[in-house]
Amino acid sequence: MTNVLPDRRIEHDWTNRQIPPNVTWGDGFYCESAQSFLHFKGKRELAVEFGNHVSVYAASQLAVGPQGHVKIGDFTLLVGALLTCESEIEIGSHCLISWGTGIADSDFHPVAAAQRRIDAEALAPFYEGKPERPIEAVKSRPIKIGNNVWIGMNAIVLKGVTIGDNSVIAAGAVVTKDVPPNTVVAGNPARFAKRLSS
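Residues numbered from 1 in each chain as written. Predicted model: local features only at pLDDT ≥ 70, side-chain atom pairs only at ≥ 80, totals over all residues. Heavy atoms only, no water.

Q: Before we move on, can you summarise the state of the cysteines with the specific residues and values?
A: Throughout the structure, instances matching the rule amount to zero disulfides. Residue C85 stays outside any disulfide, its sulfur separated by 16 Å from that of C95, the closest cysteine. (Disulfide = S-S within 2.5 Å.)

Written as structure tokens, this is what we have:
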């Protein structure tokens, strides 16, 4: 059972948008609106894989780049989360991803000032003679989020991070380094707050 219709539109959706053809889902998949794919540019044969009973609620966005791949495990819940993926984001099963959470596997722009200026000009839609984007200067690294992880409101998970099973990321935390299993982290940058019993 799912609320996705045979034509890949969402039942009772306010938009006529369809879920892209290179997105798959398991039994019990729920998506509040296909608007979650507004910024989807995935070109891989399989760009997004949703497991069984995954729920994608209100204002969640999957901004997947041409070579991006997102895999989300069974019974995971996304509510108002933003996933921006240029390489790989893997989220385990039974995860809770809260409002305003950002998960980004790339910087999306160069860090060096001169290259960032070129990138800004390259992205201006009506700038005549715009340069090529300096993509080679943009760094991406996969993100892996384990099973039964709770990510609180407005937390940010940055490129290259692995979060272990059963961990909790406190609201507003900025995660730049790996989080061991059964751990609560909080703050900016995120730091150890306490150990959880498994």
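Q: Give a detailed account of the packing of aromatic side chains, specifying residues and quantitative values.
A: Taken as a whole and assessed by the stated rule, the structure comprises five aromatic pairs. With a centroid separation of 5.6 Å and an interplanar angle of 25 degrees, the aromatic rings of W25 and F29 are classed as stacked. Ring centres of F37 and F50 lie 6.4 Å apart, and the angle between their planes is 85 degrees; this geometry places the pair in the edge-to-face category. Of this pair, F37 sits in the loop between β2 (30-31) and β3 (48-50) while F50 sits in strand β3, and the two are 13 residues apart along the sequence. A residue is classified by how much of its surface remains accessible, and F50, at 4% relative accessible area, is buried. Among the aromatic residues, those joined into a cluster by ring pairs are W25, F29, F37, F40 and F50. (Phe/Tyr/Trp six-rings, centres within 6.5 Å; stacked < 30°, edge-to-face > 60°. Helix = DSSP H or I, 4+ residues; strand = E, 2+ residues; numbered from the N terminus. Buried < 20%, exposed > 50% of the residue type's maximum accessible area, 1.4 Å probe, protein only.)

Q: Help me get a handle on the sheet that holds strand β5 (residues 61-64), residues and values and all.
A: Strand order in the open sheet formed by five strands is β5-β8-β11-β14-β17, with parallel pairing between adjacent strands. Bordering the open sheet on either side are β5 and β17 (174-175), each of which pairs with just one other strand. Where strand β11 (residues 102-104) lies against strand β14 (residues 156-157), two bridges are found, and the strand directions are parallel. The partner of G102 across the bridge, within β14, is I156. (Pairing = 2+ DSSP bridges.)

Q: Please give an account of the sheet that holds strand β15 (residues 162-163) that cites residues and values.
A: The six strands lie next to each other as β1-β3-β6-β9-β12-β15, forming an open sheet whose pairing is parallel. Both outer strands of the open sheet, β1 (23-24) and β15, are each paired with one neighbouring strand and no more. In this sheet, strand β9 (residues 88-91) lies alongside strand β6 (residues 69-72) in parallel orientation, the contact comprising four bridges. Across the sheet, the residue bridging to H69 is E88, located in β9.

Q: Tell me about the environment of R191, and please be specific about residues and values.
A: Here R191 shows up in strand β19 (residues 191-195). Counting along the chain gives 165 residues from R191 to G26, while the straight-line C-alpha distance between them is 35 Å. Excluding residues within four positions of it along the chain, R191 makes contact with V184, V185 and A186. (Contact = heavy atoms within 4.5 Å.)

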